[in-house]
Amino acid sequence: MIPYGRQDITQDDVDAVVGVLQSDFLTQGPMVPRFEQQIATHVGASHALAVNSATSALHIACLALGLGPGDRLWTSPVTFVASANCGLYCGAQVDFVDIDPRTYNLCPKALAHKLEQAELDGTLPKIVVAVHLCGQPCEMQKIHILAKRFGFKVIEDASHAIGGKYRGEFIGNGKFSDITVFSFHPVKIITTAEGGMVLTNDAELANKMALLRSHGITRDPMQMTHESDGPWYYQQIDLGFNYRMTELQAALGISQMERLDHYIARRHQLAERYSELLRALPVTTPWQHPDSYSGLHLYVIRLKLDAINKTHRQVFDSLREQGIGVNLHYIPIYTQPFYAEMGFNPSDFPASQSYYREAISIPMFQTMTDDQQDQVLAALAEALQA
């Protein structure tokens with residue numbers, strides 16, 4: 001089976017983790033801050049905080065921005081459920097904005113229209129989570145302008161997008177958002193096994209998130225409510241969580257970061273080859289916005305169902321039967337039973353509905369060979385035959 005995604009673990013990665021295992025620190029030591037600084041420097045952000053997952057990163061980002069009961073969070077419906085769940089964790093209401101039919105990201109025009117109506121209704125969001133699906137950044141400048149006009153905060157869910165660029169600058173630099181989130185899950189571009197990171201240029205937000213990831217506890221005398229009792233002393237000054245990253249994970253991440261640019265370049269080679277060789281087949285290949293340089297975490301095709309005598313399910317099943325580990329990213333969140341009970345109307349999201357009927361993620365990972373890619377193409381051609 002050729003998987004849709006796969007991590008690349010080298011001997012350098014193994015040596016880095018073994019080095020930590022043989023050191024004095026397994027949880028809180030020098031590797032985590034080193035990894036944080038490495039990421040912050042690479043993307044051009046002022047602050048970076050490593051956590052145990054991107055889901056945790058989204059949660060503390062929302063809390064740091066003050067999201068709570070009575071507030072609203074909006075995001076794309078075509079994303080993993082964590083992009084929306086983070087709002088519910090905070091007691092807020094969640095709503096969705098339909099996607100752009102070409103980029104599959106949250107549509108700025110749909111967002112503007114929804115915001116105008118929400119302003120009239122008194123239901124404006126406090127936070128918009130802009131998801132960079134497949135690694136392609138959203139149109140962040142347009143979202144930023146709307147944020148200033150309507151007064152909401154912006155989180156970039158860049159779980160797919162480390163190493164990508166928007167308008168020539170690395171995603172994560174915070175130019176058009178308050179907080180950015182990265183994921184280091186094994187199928188992502190680089191991995192720490194599990195893990196995530198939050199980035200911001202706001203020192204106050206960074207301090208708040210640092211507290212929240214570690215039980216709300218501080219050893220900083222400047223943050224304490226009264227003078228320290230001694231060198232052993234700490235205070236819990238907020239209700240936080242155990243969302244810390246381990247030294248083992250950080251060491252793996254540091255090693256993986258050395259190959260990030262190579263990984264992205266290889267993914268672009270594979271994408272260009274896919275796009276060229278798929279031209280003869282009845283599928284739509286990914287469109288890349290001219291302002292973007294995608295991280296290309298995923299390569300999503302859309303079936304031209306009116307040009308083939310197969311259903312979406314038949315093509316998908318055929319590929320799996322031929323040993324191609326295709327997937328579908330993602331099932332629109334509003335259709336999930338937990339969210340459907342909230343009363344969302346699928347007809348409010350026509351572009352997302354259309355995407356779900358046609359999309360298939362075909363294999364894309366940095367160690368993929370041309371021979372493996374040829375196998376995918378041959379299997380797809382067979383699956384599409386009448």
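Along each chain, residues carry numbers from 1 onward, in the same order as the chain's sequence is written. It should be noted that, the model being predicted, local features are given only for residues of pLDDT at least 70 and side-chain atom pairs only at 80 or more, the latter also being counted only at that level, while totals for whole chains, interfaces and linings use all residues. Side-chain numbers here rest on the full set of heavy atoms in the structure, without hydrogens or water.

A. Structural detail: the overall build of the chain. For the chain, the count of helices and strands is 13 helices and 17 strands. As a reference, a globule follows 2.2 Å times the number of residues to the power 0.38, and the radius of gyration itself is taken over C-alpha atoms. Its C-alpha atoms give the chain a radius of gyration of 22 Å, within 12% of the compact-globule value 21 Å for 386 residues. Dimensions of the chain, computed from C-alpha atoms along their principal axes, come out at roughly 80 × 60 × 35 Å. Contacts: residue pairs with any heavy atoms within 4.5 Å of one another. Sequence-distant contacts, at least 24 apart, represent 73% of the contacts inside the chain between residues at least 6 apart. Accessible surface, the chain: about 16800 Å² in total, of which carbon and sulfur atoms supply 50%. Counted as positive: Lys and Arg. Counted as negative: Asp and Glu, with His and the chain ends omitted from the count. Taken as the charge location is NZ of Lys, CZ of Arg, CG of Asp or CD of Glu. Taken as two groups, the 30 positive and 41 negative side-chain charges of the chain have centres that lie 5 Å from each other. Secondary structure follows DSSP: runs of H or I at least 4 residues long count as helices, runs of E at least 2 residues long count as strands, and numbering of each begins at the N terminus. Under the convention used here, a 1.4 Å probe and the Shrake-Rupley method define accessible areas, while residue burial counts only the protein chains that appear.

B. Inspection of the state of the cysteines at higher detail. In this description, the term disulfide denotes a pair of cysteine sulfurs within 2.5 Å. For the structure shown, the criterion picks out 0 disulfides. Cys138 provides the cysteine sulfur closest to Cys107, a residue in no disulfide bond, and the two sulfurs are 10 Å apart. Distance from the sulfur of Cys134, which forms no disulfide, to the nearest cysteine sulfur (Cys138) is 11 Å. Judged by its relative accessible area of 9%, Cys134 is buried. Any residue under 20% of the maximum accessible area for its type is buried, any over 50% is exposed, and the rest in between are partly exposed; the area is computed with a 1.4 Å probe on protein chains only.

C. Here's a closer look at the packing of aromatic side chains. In this scheme Phe, Tyr and Trp rings, the latter by its six-membered ring, pair at centre separations within 6.5 Å, and the angle between planes marks the pair as stacked below 30 degrees, edge-to-face above 60, and tilted otherwise. A full pass over the atoms with the stated rule returns 12 aromatic pairs. Residues Phe80 and Tyr330 carry aromatic rings whose centres are separated by 6.3 Å and whose planes lie at 45 degrees to one another, so their mutual orientation is tilted. On the criterion of sequence distance, the pair formed by Phe80 in the loop between β3 (72–75) and α4 (82–89) and Tyr330 in the loop between β16 (324–325) and α11 (337–340) is long-range, its members being 250 residues apart. Centroid distance Tyr334 to Phe349: 4.5 Å. Interplanar angle 20 degrees. Geometry classified as stacked. Of the two residues, Tyr334 is situated in the loop between β16 and α11 and Phe349 in the loop between α11 and α12 (350–358); the sequence distance between them amounts to 15 residues. The pair formed by Tyr334 and Phe349 is uniform in burial state, with each residue classed as buried. Aromatic ring contacts, followed pair by pair, group Phe96, Tyr334, Phe338, Tyr339, Phe344 and Phe349 into a single cluster. A cation over a ring is seen here: Lys114 above Trp74, with NZ or CZ 5.5 Å from the ring centre. The criterion is that NZ of a Lys, or CZ of an Arg, lies within 6 Å of the ring centre and within 35 degrees of the ring normal, and then a charge sits over that ring.

D. Up close: the sheet that holds strand β2 (residues 47–51). Strand order across the open sheet formed by 7 strands is β2-β10-β9-β6-β5-β3-β4, with mixed pairing between neighbours. Strand pairing shows two members of the sheet lacking a second neighbour, β2 and β4 (93–96), which therefore form its edges. Here the strands of the sheet are splayed against their neighbours by 20 degrees on average, with no regard to which way each runs. Strands are treated as partners if at least two bridges between them are detected by DSSP. When β3 meets β4, the two strands line up parallel, connected through 4 bridges. When the sheet's bridge partners are listed, Leu73 is paired in β4 with Val94. Across the sheet, α4 lies against β3, β4, β5 (127–131) and β6 (153–157), angled at about 180 degrees from β3, the strand it touches most. For helices, the fitted line uses only the C-alpha atoms of the stretch in contact; every axis is such a line through C-alpha atoms, and the angle between N-to-C directions lies from 0 to 180 degrees.

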